[in-house]
Structures are given as C-alpha cells and as structure tokens.
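Per-entry structural report
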Amino acid sequence: MNILISNDDGVFAPGILAAKQAVEDLANVTVVAPDKNNSSVGRRISLFKHLKLEKCELEDGSLAYSVSGSPADAVIVGANYVMDEKPDLVITGINQGVNISCDITSSGTVCAAFEAISLGIPAIAVSLFIDPKTAFKQDENGEWYVDYDFTLTKKVLHDIVLKIINEGFPEGVDLFNLNVPSNYESPEVKITSLAHKMLDKHVIDNTDEEKAEIFNHPLDENQNSDNLIMIASDLVSEYDKGTDGYALLVEKRPSLTPLNVNMTSKDLKDWY
C-alpha cells in the first residue's frame with residue numbers, strides 16, 4: 001500500500017511525524033504538507049497561483065515535502081505530482097486539536113481528506129483532543145509546554161489502517177474522521193455520528209472587559225484597536241448520545257465517524 005500523509009498544522013508539526021510513525025510499518029509513506037499552519041481554512045484551493053514545493057527533513061531525518069499552500073493544495077500536489085502514482089490511502093493529521101460535529105467543514109484537516117475523495121482516494125482524518133487540564137505542563141525552568149501524547153492515537157490509527165488493508169473500506173464510506181482524547185478513560189473505539197455543532201461562536205470587541213486578554217492579541221500591520229471586532233468561540237459541552245462529541249468529551253474515548261461526502265438528502269422526494 002502507498003499512503004500519502006498531510007495535515008493543516010504544517011509539515012513540521014509533531015502530529016504529522018506521529019502519523020507517519022503509526023503506519024510506516026504497513027505501507028510506503030509519502031509526506032506532503034503545508035509549509036506553515038493552515039488551521040480552519042476548510043477546503044481552500046490555490047487555483048492558478050504559484051506554489052513553492054520544497055524538500056525538507058522531518059525530526060526523524062526522513063524526507064518530506066512542504067507546499068506554500070493549503071492542506072487541500074498539499075493533497076493535490078502530493079497525489080498528482082510528488083508521488084509516482086496515486087496513493088491507495090490519504091491520512092490527514094494527526095491534528096493537534098478536536099475536529100467533531102457538522103463544524104468539520106471548516107477544518108483544514110478534514111477538508112484535506114475531502115479533497116482526497118474528489119481524487120478517488122479513500123481517506124482518514126485524525127485528531128488528538130488536548131485536555132488543557134492535563135496537557136499543559138512545566139519544565140524544570142518553570143516554562144509551560146504542551147505534552148502531545150500521541151500513543152493511543154497512533155495505536156488506533158495503526159489498527160484502522162491494518163483493518164483497511166485486510167478488508168478494504170466499508171461500502172458506502174468515503175472517509176473516517178477519528179478523534180482521540182488525551183485524557184481518555186477507555187481506549188475502546190466507538191463508531192459515532194456527527195454532533196450538531198462543536199463551537200458556540202460570538203463576536204467581541206475592545207469594550208468587552210472579560211475578553212480583553214483574547215482581544216488584545218498582536219494586531220496586523222497598519223491596524224489599531226479602534227472599531228475592531230473578533231469572532232471568538234467556546235467548545236460546546238453538551239452532546240447527544242451516540243455522537244462524536246459525546247464519545248470524545250463525555251465518555252472520553254476515541255470516536256470514529258464514517259462519512260460520505262455526498263451531502264444529498266435522499267429522503268425528500270416529492271417536496272416540490
């Protein structure tokens with residue numbers, strides 16, 4: 001099997017190396033990813049724009065390719081240009097954050113997997129949910145850092161790919177969306193459906209004293225704080241049983257959501 005791995009966190013993010021390590025004993029792996037973070041860009045494609053493709057080296061010394069574009073761009077370039085033939089499977093991730101619910105259409109990780117489907121390649125989008133209560137730690141100098149423990153995520157991803165090699169993709173499934181919690185209480189994977197939404201979004205401005213710390217991030221060049229607003233969000237805490245959000249955040253176990261990119265509702269026949 002030939003596998004293309006990409007992401008939206010950038011080619012040097014720790015999650016992409018973890019994804020490679022999870023499956024490199026099962027297949028020939030090629031890594032092609034954006035040259036920098038492209039979170040929440042959805043399925044943006046850089047049509048008729050110049051892109052820079054460069055060879056680079058991952059932390060383990062292995063070859064990878066960086067693309068000065070979006071996650072979807074990286075999948076297209078990887079599958080249609082870098083690799084000698086189209087891959088049998090595309091893996092996007094391991095994303096450092098959560099990608100659940102119908103909000104996945106804004107995710108660069110998941111939409112890179114969508115792009116693979118349009119190329120006729122099945123895909124797996126993988127994310128590690130970081131619990132801020134346990135993931136943020138201090139070193140001996142008192143400096144804070146994020147402890148990305150990919151151990152369970154790598155095992156689950158490895159097992160899923162092995163099952164796909166042995167049995168193929170299930171009929172009617174284009175891609176799997178896998179989310180694994182860092183603070184898991186059960187390592188058993190649960191097949192889930194998409195929750196209604198992941199984020200409660202709201203708009204803040206510089207008069208909101210409670211959100212001042214969020215709002216006062218570095219401004220873009222030639223900006224000042226007058227008349228500026230910001231879209232902020234909070235993670236939804238309540239989910240219906242059987243959904244990805246319930247499995248991940250309530251049951252604290254890995255969630256595997258089978259998806260089909262054809263969004264047609266087949267139940268409505270005689271409405272108009």
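Residues numbered from 1 in each chain as written. Predicted model: local features only at pLDDT ≥ 70, side-chain atom pairs only at ≥ 80, totals over all residues. Heavy atoms only, no water.

**Comments concerning the overall build of the protein chain**
To be explicit about the condition: Under the DSSP-based scheme used, a helix requires at least four consecutive residues in state H or I and a strand at least two consecutive residues in state E, with every element numbered from the N terminus. Taken over C-alpha atoms, the radius of gyration is set against a globule rule of 2.2 Å times the number of residues to the power 0.38. For the exposure calls, accessible area comes from a 1.4 Å probe over protein chains only, and a residue counts as buried if that area is under 20% of its type's maximum, exposed if over 50%, partly exposed in between. Should any heavy atoms of two residues lie within 4.5 Å, those residues are counted as being in contact.
A tally of regular secondary structure across the protein chain gives seven helices and 13 strands. In terms of C-alpha radius of gyration, the protein chain reaches 19 Å, essentially the compact-globule figure of 19 Å for 272 residues. For the protein chain, the proportion of its 272 residues judged to be buried stands at 47%. Taking contacts inside the protein chain between residues at least 6 apart in sequence as the whole, the part at least 24 apart equals 77%.

**Re the nonpolar core**
Rules: We define a nonpolar core as any set of buried Ala, Val, Leu, Ile, Met, Phe, Trp, Tyr and Cys residues linked to one another through side-chain atoms lying within 4.5 Å.
Ranked by internal contacts, the top residues of the largest apolar core, which has 35 residues, are Ile3, Ile5, Val23, Ile91, Ile124, Leu157 and Val161. Listed by contribution, the elements that provide at least two residues to this core are strand S1 (2–6), helix H1 (14–23), strand S2 (28–34), strand S5 (89–96), strand S6 (123–129), helix H5 (151–167) and strand S9 (175–181). With near-sequence residues (within four places) excluded, valine 161 lies in contact with Met1, Ile3, Val23, Leu26, Leu89, Ile91 and Ile124.

**Comments concerning the packing of aromatic side chains**
Heads up, the rule is: Any pair of Phe, Tyr and Trp rings, taking the six-membered ring for Trp, is counted once the centres come within 6.5 Å. Such a pair is stacked with planes under 30 degrees apart, edge-to-face with planes over 60 apart, and tilted for the rest.
Counted by the stated rule, this structure contains three aromatic pairs. Taking the centre distance of 6.0 Å and the plane angle of 15° together, the rings of tyrosine 148 and phenylalanine 150 count as stacked. What makes phenylalanine 150 buried here is its relative accessible area of 9%.

**Section: the pattern of salt bridges**
So the rule is basically this: The rule for a salt bridge is simple: a side-chain nitrogen of Lys or Arg has to be within 4 Å of a carboxyl oxygen of Asp or Glu.
Per the stated rule, a full pass over the model turns up nine salt bridges. Where lysine 163 meets glutamate 167, a salt bridge forms, and the shortest distance between an N and an O atom there is 3.1 Å. Of the two residues, lysine 163 and glutamate 167 both sit in helix H5, four residues apart, roughly one turn of that helix. Taken together, the shared-partner salt bridges connect Lys20, Glu24 and Asp60 into one network.

**Let's talk about unusual backbone geometry**
Residue isoleucine 94 is bonded to the preceding glycine 93 through a cis peptide linkage, with omega at 5°. In this structure, isoleucine 94 sits in strand S5. In the Ramachandran plot, serine 40 falls in the positive-phi region, its phi being about 65° despite a non-glycine side chain. Its location among the elements puts serine 40 in the loop between S2 and strand S3 (53–57).

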